[in-house]
Amino acid sequence: MRHFGHIAPEVRHRLFHQEPGAFTADSPARLLSAALGATLYSPATRPRLADDIVKQTERGVVSMVLCLEDSIGDEDVADAEENLVRQFADLAGRGLPDLPLLFIRVRVAEQIPDLVRRLGPAAHLLSGFVMPKFTEERGILFLEALQSAEAHSGRRLFAMPVLESPELMYRESRVGALEGIFRAVDKYRERVLALRLGVTDFCSSYGLRRPPDMTAYDVQIVASVIADVVNMLGRADGTGFTVTGPVWEYFRVQERMFKPQLRRSPFLEGQAEELREALIEHSMDGLLREITLDQANGLLGKTCIHPSHVLPVHALSVVSHEEFSDAQDILRPERGGGGVLRSAYTNKMNEVKPHRAWAERTLLRAEVFGVANEDVGFVELLAAGIPT
């Protein structure tokens, strides 16, 4: 699979200076953690789930979570598990080569080995499990269960812990909770693909819900948690993990209090004014701003609950030609001793040592999302990726 693999090769050639690279479920974990992109959640109760997965694959989705937790009622868990087993068997029988990375979001650790056993041969389609309300105590149980399931299946399985427990919200317990989470994930580092942020649960601890005019970073109590998670778990010194962006809850807005957040000029240049209006109508301007803030705060990828959110995440994950040029210059072997240089675009300073970690992350993102041509911006990437 590859990002933007659903669009025609000639269109990719026009858009990309360096096209997105191909990867598989067996690719190195470091590459897969960067490639997750917009991870689309779907309730495991959907009766045509196998068809839904195939349909989303054709629209550019490369990672999905099939949810047995908050998206379904307590009374539906047993039926949802049985449905998952049936749908995986259906998918396995189709023999399709390019399915997304598939994860199951469980409720309790005991579900992990039980589901792998019940999936049988179809478990080869499974990439891992999403582990909710992850703390040190709960997390160790989840990770031990994953290790047991992996041994039974003979297949590499990844964990994606969700950081959403109240202990992370409360100031007096936050540091201790994060230290405990680090101990748990560090012990099983080779199996932890990414850490996911449960911002909806964070808000619920205080009876909050951010409106579509605001991002998670405008809710200060939530922003403080994101900052501390990145501070303690997302460091670029080799101890950190990929941390993904929070879910965006909206896909259509009936009334606005504030002005739209999308400038008109990039869409005029791209002759895509109708696209701008559609994005605003469906509350995508707030989503685009939040994705940009995710990236500025060290997050990569995003939890998504609606298919229309996938393309904006992927379009804004493509490395610009300017970013690529700066990263390459910073990482040239002859720059190993450090120093300062003017960017090839002559609009900024590139300081070799302080910017090295950024450059390395940028080139990893370029490997999976590609590098846009010099005259291509996110408007063109959005327009090209919309299904016709």
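Further up the page is the structure itself.
Below, the structure is looked at part by part. Bear in mind the structure is a predicted one, so any value in this text is a computation, not a measurement.

Rules of the game
Residues numbered from 1 in each chain as written. Predicted model: local features only at pLDDT ≥ 70, side-chain atom pairs only at ≥ 80, totals over all residues. Heavy atoms only, no water. Patch = residues over 30% accessible without salt bridge, like charges linked within 9 Å, V, L, I, M, F, W, Y side chains within 5 Å. Areas by Shrake-Rupley, 256 points an atom, 1.4 Å probe, with all protein chains shown as cover. Salt bridge = Lys/Arg side-chain N within 4 Å of Asp/Glu carboxyl O. Helix = DSSP H or I, 4+ residues; strand = E, 2+ residues; numbered from the N terminus. Buried < 20%, exposed > 50% of the residue type's maximum accessible area, 1.4 Å probe, protein only. Phe/Tyr/Trp six-rings, centres within 6.5 Å; stacked < 30°, edge-to-face > 60°.

**What to know about a nonpolar patch on the surface**
There is a patch of nonpolar side chains on the surface, built from Tyr170, Tyr206 and Leu208 and spanning about 250 Å² of accessible area. Its location among the elements puts tyrosine 206 in the loop between α9 (199-204) and α10 (220-233). Taking relative accessible area as the criterion, tyrosine 206 reaches 36% and is therefore assigned partly exposed.

**Observations regarding the packing of aromatic side chains**
This structure, assessed with the given rule, holds three aromatic pairs. Where tyrosine 170 meets tyrosine 206, the ring centres are 6.2 Å apart and the plane angle is 80°; that geometry is what we call edge-to-face. Note that tyrosine 170 is positioned in the loop between α7 (166-169) and α8 (171-187) and tyrosine 206 in the loop between α9 and α10, a separation of 36 residues in sequence. By relative accessible area, tyrosine 170 is classed as partly exposed at 32%. Ring geometry for tryptophan 248 against tyrosine 250: centres 6.0 Å apart, planes inclined by 65°, an arrangement best described as edge-to-face. Under the relative-accessibility criterion, tryptophan 248 is labelled buried at 1%. For tyrosine 250, a relative accessible area of 17% gives the class buried.

Such coordinate-based values are descriptive only and should not be taken to indicate function.
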